[in-house]
Amino acid sequence: MAFKSIAIGSDHAGYDLKAKLVEELRSSGYEVLDCGTGDATNSVDYPDFGKAVAEAVTSGKVDGGVVVCGTGIGISIAANRHPGIRAALCHDITTARLCREHNDANVLALGARLVGEVVAKDCLDAFLTTEFAGDRHVRRVEKLG
Ligand code: RB5
């Protein structure tokens, strides 16, 4: 398995989906570091939570991360500003599988206002259980570094 521990963070728009994903991760046996935010009512800034998750991953505290905002765009941009982070914004199982196989993505980004709970959980499962395919993709991923 690629990941055993996961940091997860969202802004207010992603809070409800984050809470469901935290529950899902814990019940599947993953160690979860919840980086906030703590509720859906107070408006907060997605870069703060993208940064918290990115730092948890790059410091080695956790194996991978999940970030959620309204569209997934802002928080994925925020996470990707950190060297060593490959955050992939996914909308379906296929993108979630391929971001692992081809890009060795270490952070899954989701848009809570765009994907429903079932699709989000499918993406999470594909992200967590798919291994990097290696081979020709190693050279390409190294060039991202
Ligand atoms: C918050 O309203 C919204 O802008 C944010 O969650 C996200 O979609 C930004 O990319």
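Residues numbered from 1 in each chain as written. Predicted model: local features only at pLDDT ≥ 70, side-chain atom pairs only at ≥ 80, totals over all residues. Heavy atoms only, no water.

> Help me understand the site of the ligand in this model?
All residues adjacent to the ligand are D11, H12, A13, Y46, C69, G70, T71, G74 and R113. Measuring from an oxygen atom of the ligand, one finds a side-chain N or O atom of D11 at 2.6 Å. At a separation of 2.8 Å, an oxygen atom of the ligand approaches a polar backbone atom of G70. Surface burial for the ligand is 71%, taken as the share of its 290 Å² of free accessible area covered by protein chains. Here the shell around the ligand is composed, by residue class, of 3 nonpolar, 4 polar and 2 charged. (Near = heavy atom within 4 Å. Polar contact = N/O pair within 3.5 Å; in protein donor to acceptor, adjacent residues only side chain to side chain. Areas by Shrake-Rupley, 256 points an atom, 1.4 Å probe, with all protein chains shown as cover. Nonpolar A, V, L, I, M, F, W, Y, C, P; charged D, E, K, R; others polar.)

> Explanation requested: the layout of surface pockets in the structure shown.
To locate leftover empty space, one rolls a probe as large as a water molecule over the atoms. Put simply, the largest pocket is a space of about 150 Å³. Looking at the largest pocket, the residues that line it are N80, H82, P83, G84, I85, R86, V141, L144 and G145. Along the lines of polarity and charge, the residues of the lining of the largest pocket split into 4 nonpolar, 4 polar and 1 charged. (1 Å grid on protein atoms, 1.4 Å probe; cavity = no way out; pocket = protein on both sides within 12 Å on 5 of 7 lines; lining within 4 Å. Points joined across faces, edges and corners; volume = space filled by probe spheres on them.)

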